[in-house]
Amino acid sequence: MNWIAIAVTFELALLTAAVLLIVGLPIAYWLTFSKWRWKFIVESVVALPLVLPPTVLGFYILVAIGPHSPIGRFYSDVVGHPLPFTFEGLLLASILYSLPFAVQPFAAAFAQVDHRLIEASWTLGVSKLKTFFRLIAPLSMAGLITGAVLSFAHTLGEFGVVLMVGGNIEGETRTVSIDIYDEVQALNYAGAAKTALLLLAVSYGVLLLVYAMNRKVWAVWPQH
Amino acid sequence: MAATLTIDCRKTFPGRFTAAAQLVLPLDPPRVLILFGPSGSGKTTLLRCLAGLEWPDEGRIQFGSTTWIDAAANVRLSPQARRIGYMPQDYALFPTHTVAGNIAYGLSDLPPAARQERIRELIALLQLQGLEQAKPTQLSGGQQQRVALARAIARRPQLLLLDEPLSALDAPTRVKLCGELRVLLTQQAIPAIVVTHDWAEALTLGDIIAVMNAGQVLQVGSPQEVFSRPANAEVAKIVGIETVVQGHVVANDNGLATVSVNGMRLKGLGADVSGSAVYVCIRAEDVLLEQAGSGITSARNHLSGHVTEVVPQGVLVTVTVDCGFPLRAVITRGAREELGLEIGSVVTAAIKAGAVHLVPRSV
């Protein structure tokens, strides 16, 4: 097995989930509680990666961060090297690609919180931000974990976006799914099978965790 | 100028009605204002506007020298900045917090020692000892109500807003907690606005009653004024109690109380008439009029007096009899003719003890 690719993949997935946990929360909060009438426009943009072919998304990201775009030029001026075909570029693409997998469970969990509790918190003098951390987040914990875990699992298996934005650089952007593809191209089916099985096991385990949590199978356990 | 809470605002509900409220509540000494009316009359909306959870389309709310809402000047004070104690109808206790955690929720500005001290005070005040670490789901309805009250008064708010504070409770608990709530409101000396549709609660808790219907404030006055002298037929219909007079309990024999009203003795039922001052409440349809000096009936109260007013309303006639206090009775036109009732006629009013409702009042 290609342990370097596995390490790169897990690092990418963990960082993506962590960033989405930070970036996704305000987006989900806004999507849940805003009364703006054009909100659906933003909702549709956030959901786009669900339906867009990864190659299309990857193509636009590549163009957006490439040396001919202002963003790409700004990045290479500041950091000293261009963003495409680096781990950082891949991370950015993964974050955008997995955005709906984090934001949608977050928003669904926030919408489940009884609004009267939020109002009660406000009338007790607690600011909107503190109400979020003291009341809304604890009440939405299952949704927050679901979103983080799903974005982690989704990033583990991404292929098209990685190929478009990251390429296939050992130790930098070669992820497990690319490695499997390479092994198959090289007719090394045994190597591909091992890595595929690992990915299958991890993905299944992660989903077991998510579904079990949302069904509250542990609710029979005593609370203390 | 004494500090007041001045409300003058309008809010339109498309397809329903435009709610409009103009009220002035003196804040010193603190009073309890009751918003009284049937469901859908706009009481809760008005309370939520006061809490800063809803915004009127027009008008202003002024609390003392602070403007809470001024639609014209685009002033909107957030709920956090109003220093209020708000208790919604179903209490909205935080399920993730313990009883102590709920009470302490708004106290994070206090240093830890002062916060613990305040929690202890409130636990003792509302008799929640032993429940500090319980979660809201483990509490009875009455206990939940007490926790919600403790949480609402914990920050020593400058105004208490209680939305149907007792309606989620069963009848015996409600009567008990209603008395406790009245004591608490008097003790705490915080101006309060209480929404209710229950006339006994309104009489027990209120210093001032505002009768609302379809978004309009129909009458504002003392409980006795509003109940005994409704401004118009609509108010009379909403309050539904035609005779409300003050009395004193002189004896209580297993729940059958003897009350003195202007020297007249009446027997009535009061489940929890602990104090001696009560409101005596009698519905006009529960009063039977008979010719003076006729036979014995099962009714415990026979009061003779003379007719002071006769008001025909369709097939019914409302007759006011002065029997030491003005007592209203509603009878049919036929009955009136048979009895030959005119102003000045002498009659006996018979009322069953069960129809004489006794509601405790603050002196």
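Residues numbered from 1 in each chain as written. Chains lettered and ligands numbered in written order. Predicted model: local features only at pLDDT ≥ 70, side-chain atom pairs only at ≥ 80, totals over all residues.

**Comments concerning the sheet that holds strand β18 (residues 316–322) of chain B**
All names here are of chain B. Pairing within the open sheet is antiparallel, and its five strands lie in the order β16-β20-β17-β18-β19. Each edge of the open sheet is held by one strand with a lone partner, namely β16 (288–291) and β19 (326–332). Strand after strand, the sheet turns through a mean of 45° between neighbouring axes, direction not considered. (Pairing = 2+ DSSP bridges. Helix = DSSP H or I, 4+ residues; strand = E, 2+ residues; numbered from the N terminus. Axes fitted to C-alpha atoms, helices over the stretch in contact; angles between N-to-C directions.)

**Remarks on the pairing of strand β2 (residues 18–26) of chain B**
Residues and elements named next belong to chain B. Here β2 shows a buried face lined by A19, A21, L23 and L25 and an unburied face lined by T18, A20, Q22, V24 and P26. Both strand β1 (residues 4–12) and β2 contribute to a ladder of nine bridges, which runs antiparallel. The residue bridging T6 from the neighbouring strand is V24, located in β2. (Buried ≥ 20, exposed ≤ 12 C-beta atoms within 10 Å, placed from the backbone.)

**Focus: the interface of chain A and chain B**
On the side of chain B, 14 residues touch chain A, which itself brings 13 residues to the contact. Those elements giving two or more residues to the side of chain A that touches chain B turn out to be α6 (115–123) and α7 (128–139) of chain A. Counting residues per element, the side of chain A that touches chain B draws most heavily on α6(A), which supplies six residues. Taken together, the residues that form the side of chain A that touches chain B break down as eight nonpolar, three polar and two charged. (Contact = placed C-beta atoms within 7 Å. Nonpolar A, V, L, I, M, F, W, Y, C, P; charged D, E, K, R; others polar.)

**Topic: the pairing of strand β8 (residues 159–163) of chain B**
All names here are of chain B. With five of five residues buried, β8 is to be regarded as a mostly interior element. As paired strands, strand β7 (residues 84–87) and β8 are joined by four bridges and run parallel to one another. The residue of β8 that forms the bridge with G85 is L160. Summarising the sheet, β8 and strand β9 (residues 192–196) pair through four bridges and their orientation is parallel. Across the sheet, the residue bridging to L160 is A192, located in β9. With helix α5 (residues 171–188) bridging β8 and its parallel neighbour β9, the resulting β-α-β unit is right-handed. (Right-handed = clockwise from strand over helix to strand, strands pointing away.)

**Points about the confidence of the model for chain B**
Averaged over all residues, the pLDDT of chain B is 88; the fraction at 70 or higher stands at 97%. Overall fold confidence (pTM) sits at 0.83, and the ipTM for the predicted complex is 0.82. (pLDDT = per-residue confidence, 0-100.)

**Some thoughts on the domain arrangement of chain B**
All names here are of chain B. On domain assignment, one finds that chain B holds domain 1 (4–240) and domain 2 (244–360). With ten residues of domain 1 at the interface, the matching set in domain 2 holds nine residues. Broken down by secondary-structure element, the contributors of at least two residues to the side of domain 1 that touches domain 2 are α5, α6 (199–205) and α7 (223–228). (Domains from an automatic or database assignment.)

**Points about the confidence of the model for chain A**
On average, residues of chain A score 89 in pLDDT, and 96% of them reach the 70 mark or higher. Predicted confidence for residues 217–224 of chain A stays below pLDDT 50, and this span has one contact to residues more than four positions away or in other chains.

**Remarks on the environment of B:A100**
Positionally, B:A100 belongs in helix α2 (residues 99–104). Every residue in contact with B:A100, bar those within four places of it in the chain, is listed here: B:I119, B:E132 and B:Q133.

**Topic: the nonpolar core**
Judged by nonpolar contacts, the single largest core of 157 residues is most densely connected at B:I34, B:L35, B:L161, B:A210, B:V211, B:V280 and B:A349. In terms of residue count, helix α5 (residues 87–112) of chain A provides more of this core than any other element does, 15 residues in total. Per-domain counts for this core show at least three residues from each of domain 1 (4–240) and domain 2 (244–360) of chain B. (Core = buried A, V, L, I, M, F, W, Y, C linked by C-beta atoms within 7 Å.)

**Side note on helix α1 (residues 3–33) of chain A**
With 31 residues, α1(A) extends 44 Å between its outermost C-alpha atoms, agreeing within 8% with the 45 Å of an ideal straight helix rising 1.5 Å per residue. Along α1(A), the helix axis deviates most sharply at A:G24, where the bend reaches about 35°; the proline A:P26 sits within four residues downstream. (Expected span 1.5 Å × (residues − 1). Bend = angle between axes of the 7 residues up to and from the residue.)

**Things to note about the packing of helix α3 (residues 54–65) of chain A against α5(A)**
Axes are the key here: two packed helices are described by the angle between their axes and the distance separating the axes. All names here are of chain A. Relative to each other, α3 and α5 sit at 130°, their axes nearing to 11 Å. As far as their axial angle goes, α5 and α3 are oblique. Viewed along their axes, α3 and α5 form a crossing whose handedness is right-handed. For the pair α3 and α5, contact is made by P54, L57, G58, I61 and I65 and by G89, L92, A93, L96 and Y97, respectively. Residue composition of the contact of α3 with α5, grouped by class: eight nonpolar, two polar and no charged. (Parallel < 35°, antiparallel > 145°, perpendicular 65-115°, else oblique. Left-handed = near helix turned anticlockwise from the far one by under 90°.)

**Overview of unusual backbone geometry**
All names here are of chain B. At the junction of D28 and P29, the peptide bond is cis and its omega measures out at 0° in the coordinates. With respect to the secondary-structure elements, P29 resides in the loop between β2 and β3 (32–36). Non-glycine residue R83 carries a positive phi angle of around 50°. In this fold, R83 is placed in the loop between β6 (75–76) and β7. Residues other than glycine seldom take positive phi values, yet A214 does so here, at roughly 45°.

**Description of the environment of B:V280**
All names here are of chain B. Structurally, the position occupied by V280 is in strand β15 (residues 277–282). Under the C-beta neighbour-count criterion, V280 is labelled buried, with 25 such atoms within 10 Å. Sequence spacing of V280 and L139 is 141 residues, and the spatial spacing of their C-alpha atoms is 35 Å. The residues touching V280, leaving out its near neighbours within four places in the chain, are V245, G247, V259, V261, L266, G268, V356 and L358.

**Quick word on helix α4 (residues 141–153) of chain B**
All names here are of chain B. Taking 1.5 Å of rise per residue, 13 residues should cover 18 Å, and α4 covers 19 Å from first to last C-alpha, within 8% of that figure. With respect to burial, α4 is a largely interior element, ten of its 13 residues being buried. Turning to α4, its buried residues are Q144, Q145, R146, V147, A148, L149, A150, R151, A152 and I153. If you follow the buried residues of α4, they end up packed against β7, α2, α3 (112–125), β8 and α5.

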